[in-house]
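Each chain, written out:
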Amino acid sequence: QVQLVESGGGLVQPGGSLILSCAASVIILSNNVMGWYRQAPGKERELVASFTSAGSTNYADSVKGRFTISRDSAKNTMYLQMNSLKPEDTAVYYCRYSTYYGVNYWGKGTLVTVSS
């Protein structure tokens, strides 16, 4: 069983920045498929950024150039640096960890609100 705990959400003004963290209960390796997703009120959950099994990164078009995904294997933690935040970035942000066998684990999420 993999446990994931997100943190770092909060209220931020448009144009501001936040760093989200996702602490995992397992060792994070460079070939682990992991990612950040978000779900805004009334909308479906969508991919924000992810690591592939090859260690490369993918970003949603809406966040390219503003968000950066990273991870620290020594701390078993994945991060999402979010800059130039917009009101439309408001959502609950979740991290996901996928095992080699395709089993997905989710955290409980952290709320990000972008508002003046």
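Conventions we followed
- Residues numbered from 1 in each chain as written.
- Predicted model: local features only at pLDDT ≥ 70, side-chain atom pairs only at ≥ 80, totals over all residues.
- Heavy atoms only, no water.
- Helix = DSSP H or I, 4+ residues; strand = E, 2+ residues; numbered from the N terminus.
- Rg over C-alpha atoms; globule rule 2.2 N^0.38 Å.
- Buried < 20%, exposed > 50% of the residue type's maximum accessible area, 1.4 Å probe, protein only.
- Areas by Shrake-Rupley, 256 points an atom, 1.4 Å probe, with all protein chains shown as cover.
- Lys, Arg positive; Asp, Glu negative; His and termini not counted.
- Charge placed at Lys NZ, Arg CZ, Asp CG, Glu CD.
- Pairing = 2+ DSSP bridges.
- Axes fitted to C-alpha atoms, helices over the stretch in contact; angles between N-to-C directions.
- Salt bridge = Lys/Arg side-chain N within 4 Å of Asp/Glu carboxyl O.
- Disulfide = S-S within 2.5 Å.

K.L.:
Outline the overall build of the protein chain, supporting the account with residue identities and numerical values.
P.N.:
Each helix and strand in the protein chain was counted, giving zero helices and eleven strands. Ordered by position from the N terminus, the helices and strands of the protein chain form the series β-β-β-β-β-β-β-β-β-β-β. The C-alpha atoms of the protein chain give a radius of gyration of 13 Å, which matches the 13 Å a tight globule of 116 residues would have. Expressed as a percentage of the 116 residues in the protein chain, the buried residues total 41%. If you sum the accessible surface of the protein chain, you get close to 6300 Å²; carbon and sulfur atoms cover 50% of it. When the 10 positive and 7 negative side-chain charges of the protein chain are each reduced to one mean point, those points stand 3 Å apart.

K.L.:
Help me get a handle on the sheet that holds strand β1 (residues 4–7), residues and values and all.
P.N.:
Strand pairing in a sheet is mediated by backbone hydrogen bonds. Such pairs are either parallel or antiparallel. With antiparallel pairing, the four strands of this open sheet are ordered in space as β1-β3-β8-β7. In the strand order of this sheet, the two ends are held by β1 and β7 (67–72), each with one partner. Sheet twist, expressed as the average angle between the axes of neighbouring strands with direction ignored, equals 15°. Pairing geometry for strand β3 (residues 18–24) and strand β8 (residues 77–82), over six bridges, is antiparallel. For L20, the partnering residue across the bridge sits in β8 and is L80.

K.L.:
Which residues make up the pattern of salt bridges, and what values do they have?
P.N.:
Summed over all chains, the structure comprises four salt bridges. For D89, the salt bridge is made with R38, and the minimal N-O distance between the two is 2.9 Å. Of this pair, D89 sits in the loop between β8 and β9 (91–98) while R38 sits in strand β4 (residues 33–39), and the two are 51 residues apart along the sequence. Residue classification places D89 among the buried positions, given a relative accessible area of 1%. With its nearest N and O atoms 2.8 Å apart, the salt bridge here joins R66 to D89. Taken together, the residues span a long stretch of sequence, with R66 in the loop between β6 (57–59) and β7 and D89 in the loop between β8 and β9 at a distance of 23 residues. Here the salt bridges do not stand alone but share partners, grouping R38, E46, R66 and D89 into one network.

K.L.:
Quick rundown of the state of the cysteines? Include the residues and the values.
P.N.:
Taken as a whole, this structure holds one disulfide when the rule is applied. Disulfide pairing places C22 opposite C95 at an S-S distance of 2.1 Å. Its S-S torsion of approximately 55° makes the covalent link between C22 and C95 right-handed. Here C22, found in strand β3, pairs with C95, found in strand β9; they are 73 residues apart in sequence, far enough to count as distant. On the basis of relative accessibility, which here comes to 0%, the residue C22 falls in the buried class. Classification of C95 as buried rests on a relative accessible area of 0%.

K.L.:
So, the pairing of β4: which residues are in play, and what are the values?
P.N.:
The buried fraction of β4 amounts to five of the seven residues, a majority that puts the element mostly inside the structure. Looking at chain direction, β4 and strand β5 (residues 46–51) are connected through five bridges and run antiparallel. Paired with R38 across the strands is E46, a residue of β5. Between β4 and β5, which pair antiparallel one after the other, the connecting turn spans six residues, and G42 there sits at a positive phi close to 75°.

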